Amino acid sequence: MDNRPIGVLDSGLGGLTVLKKVIKKLPNESTIFIGDQAHMPYGDRSEKEIIDLTMASVDFLLKKDVKVIIFGCNTATAVAMPIIQKQVPVQLIGVIQSGALAASRETKNKKVAVLGTTVTTESHAYQREVKGRNPEIEVKEYAQPLWAPLVETDPDEKEKLAVVRKGIEEIKDQDFDTLILGCTHYPLLMDEIKANLDPSKQILDPADQVAQYTYNVLKRDNMLAQGKAEHEYFTTATNTEKFNKLAQKWMEDSSIQSKHVDD
Ligand code: DGL
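Just so it is clear, the model here is predicted, and its values are computed rather than measured.

Caption draft 1: Structural detail: the overall build of the protein. In terms of regular secondary structure, the protein is built from twelve helices and ten strands. Taken over the C-alpha trace, the protein has a radius of gyration of 17 Å; the compact-globule value for 263 residues is 18 Å, and the two agree within 12%. In the protein, the share of contacts with a sequence separation of at least 24, taken over all contacts with a separation of at least 6, comes to 77%.

Caption draft 2: Seen up close, the sheet that holds strand β4 (residues 91-93). Sheet architecture is open: six strands sit in the order β4-β3-β1-β2-β9-β10, paired in parallel fashion. At either end of the open sheet lies a strand with only one pairing partner, and these are β4 and β10 (259-260). Here five bridges tie strand β2 (residues 31-35) to strand β9 (residues 231-235), and the two strands are oriented parallel to one another. From the neighbouring strand, Thr31 faces β9, where its bridge partner is His231.

Caption draft 3: Representation of the packing of aromatic side chains. As enumerated under the stated definition, the model contains five aromatic pairs in all. With a centroid separation of 6.2 Å and 40° between ring planes, the pair formed by Phe33 and Phe243 is classed as tilted. Of the two residues, Phe33 is situated in strand β2 and Phe243 in helix α12 (residues 240-251); the sequence distance between them amounts to 210 residues. We classify Phe243 as buried; its relative accessible area is 0%. Geometrically, the ring pair formed by Phe60 and Phe234 is edge-to-face, given 4.9 Å between the ring centres and 70° between the ring planes. Highlighted residues: Phe60 in helix α2 (residues 47-63) and Phe234 in strand β9, separated in sequence by 174 residues.

Caption draft 4: Looking closely at the sheet that holds strand β5 (residues 111-116). Strand order in this open sheet of four strands is β6-β5-β7-β8, and the pairing throughout is parallel. The two strands at the open ends of the sheet, each matched to only one other strand, are β6 (138-143) and β8 (202-204). In this sheet, adjacent strand axes meet at a mean angle of 25° when their direction is disregarded. Strands β5, β6 and β7 (178-182) of the sheet are contacted by helix α7 (residues 125-133), whose axis makes an angle of about 165° with β6.

Caption draft 5: Representation of the site of the ligand. Taken together, 14 residues lie near the ligand, and Ser11, Tyr42, Asn74, Thr75 and His185 sit nearest. The backbone of Gly43 places a nitrogen or oxygen atom 2.8 Å from an oxygen atom of the ligand. Here a nitrogen atom of the ligand sits 2.8 Å away from a polar atom, N or O, in the side chain of His185. When the ligand sits alone it has 300 Å² of accessible area, and the protein chains cover 99% of it. Across the shell around the ligand, the residue classes break down as six nonpolar, seven polar and one charged.

What counts and how
Residues numbered from 1 in each chain as written. Predicted model: local features only at pLDDT ≥ 70, side-chain atom pairs only at ≥ 80, totals over all residues. Heavy atoms only, no water. Helix = DSSP H or I, 4+ residues; strand = E, 2+ residues; numbered from the N terminus. Rg over C-alpha atoms; globule rule 2.2 N^0.38 Å. Contact = heavy atoms within 4.5 Å. Pairing = 2+ DSSP bridges. Phe/Tyr/Trp six-rings, centres within 6.5 Å; stacked < 30°, edge-to-face > 60°. Buried < 20%, exposed > 50% of the residue type's maximum accessible area, 1.4 Å probe, protein only. Axes fitted to C-alpha atoms, helices over the stretch in contact; angles between N-to-C directions. Near = heavy atom within 4 Å. Polar contact = N/O pair within 3.5 Å; in protein donor to acceptor, adjacent residues only side chain to side chain. Areas by Shrake-Rupley, 256 points an atom, 1.4 Å probe, with all protein chains shown as cover. Nonpolar A, V, L, I, M, F, W, Y, C, P; charged D, E, K, R; others polar.

Nothing here speaks to function; it is geometry throughout.
Listed below in structure tokens is the structure:
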């Protein structure tokens, strides 16, 4: 048994889509979330910047004595996780490995598409991870640099639909049968993505597999918690009210009150 919290990080609010599934799968686990909204989006930054910024969030979580850290951010998983893992004493859990595993199991026609940030798609991390499991699967990656920043503005339906429709236009006639949402902000655009995509194509949110994998790791290492779970939220943004409003809506928990943390 280990009652220390699970740490979850992201550049912004997207990581909440991962956190939500982790809390559902692991209701006894306490969690600490940090969203680095002061530096969001990560998806257009240099590798060095992403590594340094992610390291700051990892350090913050380590000071809170977390037992594992989930990178609820594909961009940070793609470029920072392999480097940071060598420097820290706790296990890091990324989203890309889980997304790739799920896609390689699910695709029937062996054609997978990935939507992600510019950094994630240019890193070809999904391609490597999927092909590492099955080299016959074809993986095409498409950058949607506008989508994550859009989500952070809490746009109305009309705005969301317009931006998503434009992005999906490029891929909708491709013959993949499985689409990976390779950015943790994108599940917050799920309705708009579905509305624009042929329903025969399945949409995959890596967070489901991340939650399962986290459970497997904690069980394997005898680190599952017992007792009452507590959830803490931190943001590097100065406007915690904005974070609270969106987090309360997406997590369906009106008690969420975040704290500001200096970057
Ligand atoms: N949510 C992050 C991801 O999964 C990135 C968004 C960003 O900061 O560009 O890649």
